[in-house]
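The lines below spell out each chain.
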Amino acid sequence: AQDADGHIVHGRNLDFTPAEKLQPLLTNVRFMKGDKVLFNSTAYAGYIGCLTCMKGSFSITVDTRPWSTLPGKLKIPGGLAKWLTGIDRSGHFLTFLTRDAFQQDSTYD
């Protein structure tokens, strides 16, 4: 997206279920090392992964994934359902990988 002057901005609507119930926990976080800001993130208080990260002129957003229904009609992301039930533990949590990339990488070329 961009503003009226043509400046590029990163927009995020957090429209997944149950985002509306989590809204009071939404906060802007600065990840720091010493006195230096490594990157910024918009996250839920207490969540250690990164759904949205900004570093310099680069930003990224992790969107929702297809949902799976576990016994009892509990709906959770399909990959997470497989991980929790032990069907497939080879996956990695994307929000943790995103945080690692922003903490460790200085360029995204």
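A brief report on the enclosed structure follows. (Residues numbered from 1 in each chain as written. Predicted model: local features only at pLDDT ≥ 70, side-chain atom pairs only at ≥ 80, totals over all residues. Heavy atoms only, no water.)

Quick look at the overall build of the chain
Helix and strand content of the chain: three helices and six strands. Within the chain, the proportion of its 109 residues that are buried is 21%. Residue pairs at least 24 apart in sequence account for 35% of intrachain contacts in the chain once pairs closer than 6 positions are excluded. Summing over all exposed atoms, the chain offers an accessible surface of approximately 8,200 Å²; the carbon and sulfur share of this is 54%. (Helix = DSSP H or I, 4+ residues; strand = E, 2+ residues; numbered from the N terminus. Buried < 20%, exposed > 50% of the residue type's maximum accessible area, 1.4 Å probe, protein only. Contact = heavy atoms within 4.5 Å. Areas by Shrake-Rupley, 256 points an atom, 1.4 Å probe, with all protein chains shown as cover.)

A few points about the sheet that holds strand S3 (residues 52–55)
Pairing is antiparallel in the open sheet, where four strands are placed in the order S1-S2-S3-S4. The sheet terminates laterally at strand S1 (26–33) and strand S4 (58–61), the two strands that pair on one side only. Taken over all neighbouring pairs, the strand axes of this sheet differ in orientation by 15° on average, direction set aside. Of the pairings in the sheet, the one linking strand S2 (residues 36–44) to S3 comprises three bridges and is antiparallel in character. In the strand pairing of S3, Ser-41 is matched with Cys-53. (Pairing = 2+ DSSP bridges. Axes fitted to C-alpha atoms, helices over the stretch in contact; angles between N-to-C directions.)

Regarding helix H3 (residues 94–104)
Those residues of H3 that fall on the buried side of the exposure criterion are Thr-95, Thr-98 and Phe-102. Buried positions in H3, seen along its axis, are confined to an arc of 55° and lie on one side of it. (Arc of directions from axis to C-beta.)

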